[in-house]
Amino acid sequence: MKILRYLLFIPVSLIVISLIYLLFGLLLYWFIGLSKFWLMVILIFFGGMIWGIFKMLSALIMVLISKLSPSFEFAFWTILVLSIINGIWEIVNAWSMDINYSGKVIFVAIVYSILVVELTFALIIGSFSTEETYYD
């Protein structure tokens, strides 16, 4: 039974991490689609709260996913490696698009890179749950 949990944990965590990054992209797409007025209103009054809730829910999902693994160390290192690879992939894709990088595009790419790094850290911290909760 333990071997099956080890084998299932890697694809399940990869799917969940990819889904979180997909939802992150959809959240940013929603922000970009707003008019300038609503974008400023939401960013000024609710921007930090929306981003904090998204990171908190992502970390909570990682806590729940890490419970599937039979080992604390295996869960932590697997999620660490997979989330860093996904984060690097997102940042490389953001900076290697075939577009003309003007000042505004560079600013958005820098902000996007910072948000991806924050999300990656949230996923890693979420996987770092207490070791006492794992039972053999």
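As a starting point, this report considers the structure included with it.

Thresholds, definitions, all that
- Residues numbered from 1 in each chain as written.
- Predicted model: local features only at pLDDT ≥ 70, side-chain atom pairs only at ≥ 80, totals over all residues.
- Heavy atoms only, no water.
- Phe/Tyr/Trp six-rings, centres within 6.5 Å; stacked < 30°, edge-to-face > 60°.
- Helix = DSSP H or I, 4+ residues; strand = E, 2+ residues; numbered from the N terminus.
- Buried < 20%, exposed > 50% of the residue type's maximum accessible area, 1.4 Å probe, protein only.
- Core = buried A, V, L, I, M, F, W, Y, C linked by side-chain atoms within 4.5 Å.
- Contact = heavy atoms within 4.5 Å.

1. Thoughts on the packing of aromatic side chains
Both the distance between ring centres and the angle between the ring planes are used here to describe each pair of aromatic rings.
Piece 1. Within the structure shown, the criterion is met by 13 aromatic pairs.
Piece 2. Seen in terms of ring centroids, Y6 and F74 are 4.8 Å apart; in terms of plane orientation they differ by 80°. Their pairing is edge-to-face. With Y6 in helix α1 (residues 2-32) and F74 in helix α4 (residues 72-95), this pair connects stretches of sequence that are 68 residues apart.
Piece 3. The partly exposed category is assigned to Y6, whose relative accessible area is 28%.
Piece 4. Taking 5.3 Å as the distance between ring centres and 70° as the angle between the ring planes, the aromatic pair formed by F76 and F128 counts as edge-to-face. Here the residue F76 occupies a position in helix α4, and F128 occupies one in the segment after α5 (103-127), the gap between them amounting to 52 residues.
Piece 5. Grouping aromatic residues by their ring pairs yields a cluster made of F24, W51, F54 and Y112.

2. Some thoughts on the nonpolar core
Piece 1. Of all hydrophobic cores here, the largest spans 23 residues; its most connected members are I17, I20, F24, F54, M62 and L119.
Piece 2. For this core, the element with the highest residue contribution is α1, accounting for 9 residues.
Piece 3. Contact partners of F54, with chain neighbours within four places excluded, come to I20, L23, F24, L27 and L119.

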